[in-house]
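So you can see what is in the structure, the chains are spelled out below.
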Amino acid sequence: MKMNLLRERDMPMDRHRRRKQRIYLTIMSAILALALLPAGRALASSFVGSDVYRLESDQVINDDLYVSASEIYIDGTVNGDLFATGGYVEVAGTVTGDAMLVGAGIVVSGDVQDDLRTAGAGIDVSGTVGDDLLVAGGGNPNFSFPIQTQGHTIMQGVRLTDSATVGGDATILGGVGQIASAIDGNLIAAMADVSLNGHVSGNAQVNAGALALGDAAQIDGDLNYQTEQRIDTAGVVGGTVGYQPPTPTSAPDPIAVWIDRLTRAALALLGFAALGWLLLRLAPRSLSDPAEAISA
C-alpha cells in the first residue's frame, strides 16, 4: 500500500500533459466528425444544422442527435447521445446517453444520464451527470474577461455548483475551476487555480498553481496534490495526503520543442478548418460579404 502511495505522489507532470493532449485530440476529432457529416442528411442518427436550434420541453427524439448551430437549447428529451457544437449550448432537458458539447459558452442544468464531455471558454454545470465528467475550460486567475456571444455573457472558467452531482469520475482541465458539486468517484484536476468546496467520495489528484479548500470541502479517499504552496488539509481528507512541490524547470529538449510546435500548429489548422466549415454552413454571408468588399 505504501509503495502505491509513493508512486501516486511521485507521478510526473508528463503524464498529465499526455492526458491533456489526448483530451484535446478527442475534442478536435469530435468537431471534425461533426464537420464531415452531410448537412440535412439522416443516417442512423438525426443531424440538424441551423442558426438557432431549440428542442422544446415537450419534444422527444428517440435517436442520437447531432446539432451544429450558433445557439443550441435542449429543453426536451434525447433518448440517445447528444453531440452539439455552437457559440452557446444550453442543456436543460434530459439526455439518456452521452453528451459531447463544444462551444464558447456551455450551460448544463438538466440531466445527462451517462457521460458528459464538454469544452468551452466558460462552462457551468448545475445538473446531474450519471457517470463520468470530462471538462476542458478557460479562464486565467490573474486576468480573465467575459466573452460576448449570441447575446450571452460568458464568464471564463469551469464552475460546478453545489446542486450538481457526478455519478462517476470527474476530470477537469483548464484555467480556473470552482468545484462545489458532489463527485461519487475520483477527481482529477489540472488547472491554474482550483477551488474545492464539494464532496469527493473517492480520491483526488490535483495539479495546480493554487488550491483552495472551502468549508464544505470533503475528500473521503486520498489527496495527492502539486501546488506552489502546501495547504492545510486538516479535517478535509479521510485518507492520506501526499504533497509534491513544483518540479524545477530545466532546459527543454530542442527536438521535443519542435515536435510540440508542429503538433500545436497542426491542431490549430484543424480547428480553423472546422471553424471555416461552421461559418460556411451557418453564416455564409460572414465570409462572402468581406470577400466581395475586398474584391471591389
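The structure displayed is predicted, hence computed values, not measured ones. (Residues numbered from 1 in each chain as written. Predicted model: local features only at pLDDT ≥ 70, side-chain atom pairs only at ≥ 80, totals over all residues. Heavy atoms only, no water.)

For the rest of this paragraph, the subject is the overall build of the protein chain. Secondary structure summary: the protein chain contains four helices and 24 strands in total. Taken over 296 residues, the protein chain has a buried fraction of 41%. Restricting to contacts in the protein chain with at least 6 residues of sequence separation, those with at least 24 account for 22%. As displayed, the protein chain offers around 15000 Å² of accessible surface, 55% of which is attributable to carbon and sulfur atoms. (Helix = DSSP H or I, 4+ residues; strand = E, 2+ residues; numbered from the N terminus. Buried < 20%, exposed > 50% of the residue type's maximum accessible area, 1.4 Å probe, protein only. Contact = heavy atoms within 4.5 Å. Areas by Shrake-Rupley, 256 points an atom, 1.4 Å probe, with all protein chains shown as cover.)

Mapped onto the fold, threonine 118 is located in strand 9 (residues 116-119). Residue threonine 118 is classed as buried on the basis of its relative accessible area, which comes to 2%. From its side chain, threonine 118 meets the backbone oxygen of leucine 101 in a polar contact 3.1 Å long. Among residues more than four places away in sequence, those in contact with threonine 118 are Leu101, Ile106, Ile123, Leu134, Val135 and Ala136. (Polar contact = N/O pair within 3.5 Å; in protein donor to acceptor, adjacent residues only side chain to side chain.)

Let's shift gears to the confidence of the model for the protein chain. Overall, the predicted model of the protein chain reaches an average pLDDT of 80, with 67% of residues at or above 70. For residues 1-13, every residue scores under 50 in pLDDT, and the model assigns this stretch 16 contacts once sequence neighbours within four places are set aside. Between residues 19-44, whose pLDDT stays under 50, and residues either more than four places distant or in other chains, the model counts 37 contacts. (pLDDT = per-residue confidence, 0-100.)

All right, on to the pattern of salt bridges then. In the structure shown here, the tally under the stated rule is four salt bridges. Across the salt bridge formed by arginine 159 and aspartate 124, the nearest N and O atoms sit 2.7 Å from each other. Taken together, the residues span a long stretch of sequence, with arginine 159 in strand 15 (residues 157-160) and aspartate 124 in strand 10 (residues 122-125) at a distance of 35 residues. Take aspartate 124: its relative accessible area is 26%, and that puts it in the partly exposed class. The network of salt bridges with shared partners includes Asp98, Asp115 and Arg117. (Salt bridge = Lys/Arg side-chain N within 4 Å of Asp/Glu carboxyl O.)

Looking now at the packing of aromatic side chains. Counted by the stated rule, this structure contains three aromatic pairs. Ring plane angle 5° and centroid distance 4.7 Å describe the contact between tyrosine 66 and phenylalanine 83, whose orientation is recorded as stacked. Placement of the pair is tyrosine 66 in strand 3 (residues 65-74) and phenylalanine 83 in strand 5 (residues 82-91), with a sequence separation of 17 residues. Among the residues examined, phenylalanine 83 registers a relative accessible area of 22% and is labelled partly exposed. Both rings, one in tyrosine 225 and one in tyrosine 243, keep their centres 4.9 Å apart while their planes meet at 45°; by these two values the pair is tilted. Of this pair, tyrosine 225 sits in strand 23 (residues 223-226) while tyrosine 243 sits in strand 24 (residues 241-243), and the two are 18 residues apart along the sequence. The two residues tyrosine 225 and tyrosine 243 agree in class, both being buried. For the cation-ring pair, arginine 54 lies above tyrosine 73, with the distance from its terminal atom to the ring centre recorded as 4.2 Å. (Phe/Tyr/Trp six-rings, centres within 6.5 Å; stacked < 30°, edge-to-face > 60°. Lys NZ or Arg CZ within 6 Å of the ring centre and 35° of its normal.)

A separate point is the pairing of strand 9. One ladder, built from four bridges, connects strand 7 (residues 99-108) with strand 9; its direction is parallel. Among the inter-strand pairings, valine 102 is bridged to a residue of strand 9, identified as alanine 119. (Pairing = 2+ DSSP bridges.)

Its location among the elements puts aspartate 132 in the loop between strand 11 (128-129) and strand 12 (133-136). In this structure, aspartate 132 is in contact with Asp114, Asp115, Leu116, Gly168 and Asp169, ignoring residues within four places of it in sequence. A distance of 2.8 Å separates the side chain of aspartate 132 from the backbone nitrogen of aspartate 169, its partner in a polar contact.

Moving on: the environment of phenylalanine 145. Looking at where phenylalanine 145 falls in the secondary structure, it is placed in the loop between strand 12 and strand 13 (147-149). The exposure class of phenylalanine 145 is partly exposed, given its relative accessible area of 45%. Along the chain, phenylalanine 145 and glutamine 156 lie 11 residues apart, while their C-alpha atoms are 7.0 Å from each other.

So, about the sheet that holds strand 4 (residues 77-78). Spatially, nine strands are ordered 2-4-6-8-11-16-18-20-22 in an open sheet, and the strand pairing comes out parallel. Here the strands that pair on one side only, and so sit at the sheet edges, are strand 2 (60-61) and strand 22 (218-219). Note that strand 4 and strand 6 (residues 94-95) share two bridges and pair parallel. From the neighbouring strand, valine 78 faces strand 6, where its bridge partner is valine 95.

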